[in-house]
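Observations on the model geometry
What follows is the residue order along each chain.
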Amino acid sequence: MIDNSSKHDHEQNRLKFSRSAEELLVIHLTGNWTINDNLPTISDVQKEINNGAQPKNITFDTKRLGKWDSGLLTFLVKLNRICSQKRIHVHEDGLPEGAQRLLRLASAVPEHKGDRKEKTHIPFLAKTGGVAIASWQSILETIDFIGQISVAFIKMLTGKARFRGSDLLLIIQECGANALPIVSLISILVGMILAFVGSIQLKMFGAQIYIADLVGIAMTRAMAAVMTGIIMAGRTGASFAARIGTMQVNEEIDALKTSGISPIEFLVLPRIIALSIMMPLLTLYSDLMGIMGGVIVGVMGFDISLAEYFGETKSALTLTNIWIGLASAFVFGILVAISGCLRGIQCGRSASAVGDATTSAVVTGIVSIVVATAVITFVCNVLGI
């Protein structure tokens, strides 16, 4: 066991100093200088420099230097930094040739200002202004994106839009048939939850039969469209953002532009068409699954016969409720597709940017659905439908 004093002496034996002249300091490096050894610290050199008259030149004696690695280079880099601040010239001629080459390589590319992120205090007004400017810029980019989509849609109506029909069919399959399992599960559970929540109050009045009214109207008018929209925002909207964002990272979108093909027509337009077509169909399917969830609770939990439940549902539902739900689903499909494609187009050039774009697409899609639901509900209330 080595005590602290012997350990300190061992470190000092690797580093010795001598002054051949008043303005010249010679640093003698002896022994092995590897990261596994207990190397001297740069503070020993600082003490020697501050001890007496400050030298103007420093040179090295490495005749007794053994093995060395990055431990020696780290020491020399720190020494050069200190000497640069004190305006002391370091002569590297006495160092091993390999160490000299590595030092020249390290100093060939100087550190840029701003490479090291330092915590700086930003005034509140500056933060507020930055957020306001970023928000306004985002609004302008969104409006511009919607304008480009409108132009591409008009070109499609005139038969001039350039995209592959096979891509559209594949996207329709991904948005529609492949989404049926998760839509089925969520819709049945939502229907069961609505039935259970409604039964708590309806049971007090012996009106369990109206569970069918509650579930049927709630699912067809709003809940099926909203839940399907949220599912598609997390599933399909994120997929759109990730795929287009990855193409942005791989410079495939730049290649399309170079080839004279509009990314809006080739990538965005088929996805918006596919999702706007499939969302109403998925919502209609979700209506059925939600009603089936209510059937499970009503028939098995409250002794309502199957014929009574479906008869009450049929009398409660109107085409107005169904059409409001389908119209909402159509709007949600467009919003989710635009959110996913917009964030994908805005994606940066790194792998982490793809993740950020995906997260932003999901958040934007869900917020858009909630806001659109509030607007549609208010309009329907004003119109009395």
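Everything quoted here is computed from the prediction, not taken from an experiment. (Residues numbered from 1 in each chain as written. Predicted model: local features only at pLDDT ≥ 70, side-chain atom pairs only at ≥ 80, totals over all residues. Heavy atoms only, no water.)

Some details on the overall build of the chain
Heads up, the condition is: Helix and strand definitions here come from DSSP, where helices need a minimum of 4 consecutive H or I residues and strands a minimum of 2 consecutive E residues; each element is numbered from the N-terminal end. The reference for a compact globule is 2.2 Å times residues^0.38; the radius of gyration itself is calculated from the C-alpha atoms. By definition in these notes, contact holds between two residues if any of their heavy atoms fall within 4.5 Å. All accessible areas in this document rest on Shrake-Rupley with a 1.4 Å probe, and a residue is counted as covered only by the protein chains that are shown. His is not counted, nor are the chain ends; Lys and Arg add positive charge and Asp and Glu add negative charge. All charge positions are set by atom: Lys at NZ, Arg at CZ, Asp at CG, Glu at CD.
Tallying secondary structure elements over the chain gives 13 helices and six strands in all. Expected size for 385 residues packed as a compact globule is a radius of gyration near 21 Å; at 36 Å, the chain overshoots this value by more than 25%. Projected onto its principal axes, the C-alpha coordinates of the chain cover approximately 110 × 60 × 45 Å. A separation threshold of at least 6 residues defines the contact pool for the chain, and within that pool the share at least 24 residues apart is 80%. On the chain, roughly 21,800 Å² of surface is accessible, and the fraction owed to carbon and sulfur atoms is 63%. Separation between the mean location of the 33 positive side-chain charges and that of the 30 negative ones in the chain comes to 4 Å.

Examining the layout of surface pockets
Rules: The way it works is a 1 Å grid over only the protein atoms, where trapped points that fit a 1.4 Å probe form a cavity and open points with protein on both sides within 12 Å along at least five of seven lines form a pocket, and then any residue with an atom within 4 Å of a point lines it. Grid points are joined across faces, edges and corners, and a volume is the space filled by probe spheres set on the points.
Here the largest pocket is characterised by a volume of approximately 190 Å³. As for the largest pocket, its lining consists of 13 residues, of which Asp144, Phe145, Gln148, Ile264 and Ile345 are closest to the centre. Elements with a minimum of two residues in the lining of the largest pocket: helix H5 (124–157), helix H9 (252–258), helix H10 (263–302) and helix H12 (319–345). In terms of residue count, the dominant contributor to the lining of the largest pocket is H5 (four residues).

A few points about the packing of aromatic side chains
This is how the line gets drawn: Ring pairs are drawn from Phe, Tyr and Trp, using the six-membered ring of Trp, whenever the two centres fall within 6.5 Å, and their geometry is named by plane angle: stacked under 30 degrees, edge-to-face over 60, tilted for the rest. Any residue under 20% of the maximum accessible area for its type is buried, any over 50% is exposed, and the rest in between are partly exposed; the area is computed with a 1.4 Å probe on protein chains only.
The full count for this structure, using the stated rule, is two aromatic pairs. Centre to centre, the rings of Trp33 and Phe75 are 5.1 Å apart; their planes meet at 55 degrees, and the pair counts as tilted. With Trp33 in strand S3 (residues 31–33) and Phe75 in helix H3 (residues 70–86), this pair connects stretches of sequence that are 42 residues apart. Summarising the burial analysis for this pair, Trp33 and Phe75 share the class buried. Centroid distance Tyr309 to Phe310: 6.3 Å. Interplanar angle 85 degrees. Geometry classified as edge-to-face. On the accessibility criterion, Tyr309 (0% relative accessible area) is buried. Residue classification places Phe310 among the partly exposed residues on the basis of a relative accessible area of 36%.

Thoughts on the domain arrangement of the chain
For clarity, the cut-off: Segmentation into domains, and thus their bounds, comes from an automatic or database assignment.
By the assigned domains, the chain splits into domain 1 (2–106) and domain 2 (147–383). Using C-alpha coordinates to define each centre, domain 1 is positioned 68 Å away from domain 2.

Considerations on the packing of helix H7 (residues 180–202) against H10
Counted only if it meets this: With axes taken as lines fitted to C-alpha atoms, and helix axes fitted only over the stretch in contact, angles between N-to-C directions fall between 0 and 180 degrees. Orientation labels follow simple angle bins: below 35 degrees gives roughly parallel, above 145 gives roughly antiparallel, 65 to 115 gives roughly perpendicular, and whatever is left gives oblique. In this scheme the handedness of a crossing depends on how the near helix is turned from the far one: anticlockwise by less than a right angle means left-handed, clockwise means right-handed. Under the scheme applied, nonpolar residues are Ala, Val, Leu, Ile, Met, Phe, Trp, Tyr, Cys and Pro; charged residues are Asp, Glu, Lys and Arg; polar residues are all the others, including Gly.
The contact between H7 and H10 brings their axes to 7 Å, and the two run at 45 degrees. The pairing of H7 with H10 is recorded here as oblique in orientation. Considering the relative orientation of H7 and H10, their crossing is right-handed. Residue-level contacts link Leu180, Val183, Ser184, Ser187, Ile188, Gly191, Met192, Ala195, Phe196 and Ser199 of H7 to Leu282, Tyr285, Ser286, Met289, Gly290, Gly293, Gly294, Ile296, Val297 and Phe302 of H10. When its residues are assigned to classes, the contact of H7 with H10 shows twelve nonpolar, eight polar and no charged.

Considering the nonpolar core
Condition: Side-chain atoms within 4.5 Å are what join buried Ala, Val, Leu, Ile, Met, Phe, Trp, Tyr and Cys residues into a set we call a nonpolar core.
Among the nonpolar cores identified, the biggest contains 41 residues, and Phe145 and Leu275 are the most heavily contacted of them. Of all the secondary-structure elements, those providing two or more residues to this core are H5, helix H6 (165–175), helix H8 (211–249), H9, H10, H12 and helix H13 (351–383). Here this core gets twelve residues from one element, more than from any other, and that element is H10. When residues no more than four places from it in sequence are discounted, the contact partners of Phe145 are Ile264, Val268, Ile338, Cys341, Leu342 and Ile345. Core analysis: the second largest hydrophobic core is formed by 24 residues, Leu39, Ile58, Leu72 and Phe75 among them.

Some points on the pattern of salt bridges
Test applied: Salt-bridge detection follows one rule: a side-chain nitrogen of Lys or Arg within 4 Å of a carboxyl oxygen of Asp or Glu.
Under the criterion given, the structure shown has five salt bridges. Here Arg243 and Glu174 are joined by a salt bridge, their closest N and O atoms 3.2 Å apart. Here Arg243 is found in helix H8, whereas its partner Glu174 is found in helix H6, with 69 residues between them in sequence. Judged by relative accessible area, Arg243 falls into the partly exposed class, the value being 39%. Residue Arg349 is joined to Asp254 by a salt bridge in which the shortest nitrogen-to-oxygen separation is 2.9 Å. With Arg349 in the loop between H12 and H13 and Asp254 in helix H9, this pair connects stretches of sequence that are 95 residues apart. On the basis of relative accessible area, Arg349 is assigned to the partly exposed category, the value being 48%. Judged by its relative accessible area of 28%, Asp254 falls in the partly exposed class.

Description of the environment of Ile272
Turning to its location among the elements, Ile272 is positioned in helix H10. In the structure, Ile272 is positioned 53 residues away from Met219 in sequence and 24 Å away in space, judged by C-alpha atoms. Excluding its chain neighbours within four sequence positions, the residues that come into contact with Ile272 are Ile149, Ala337 and Ile338.

Regarding H8
Put simply, the test is: In this scheme, the bend at a residue equals the angle between the axes fitted to the seven residues that finish there and the seven that begin there.
At Met219, H8 shows its largest kink, close to 65 degrees. Phi turns positive one or two residues past the end of H8, at Glu251, with a value near 65 degrees.

Structural notes on the side chain of Thr62
Within the element layout of this structure, Thr62 appears in the loop between strand S4 (57–61) and strand S5 (65–68). Discounting chain neighbours no more than four positions away, the residues touching Thr62 are Leu29, Gly94, Leu95 and Pro96.

Thoughts on the confidence of the model for the chain
Keep in mind that low pLDDT regions are not for reading the predicted coordinates in detail. Short version of the rule: Scored between 0 and 100, pLDDT is the confidence that the predictor attaches to each residue.
Summary statistics for the chain give a mean pLDDT of 83 and a share of 93% for residues scoring 70 or more. The weakest mean pLDDT in the chain belongs to helix H1 (residues 4–13) at 45; the strongest belongs to H12 at 91.

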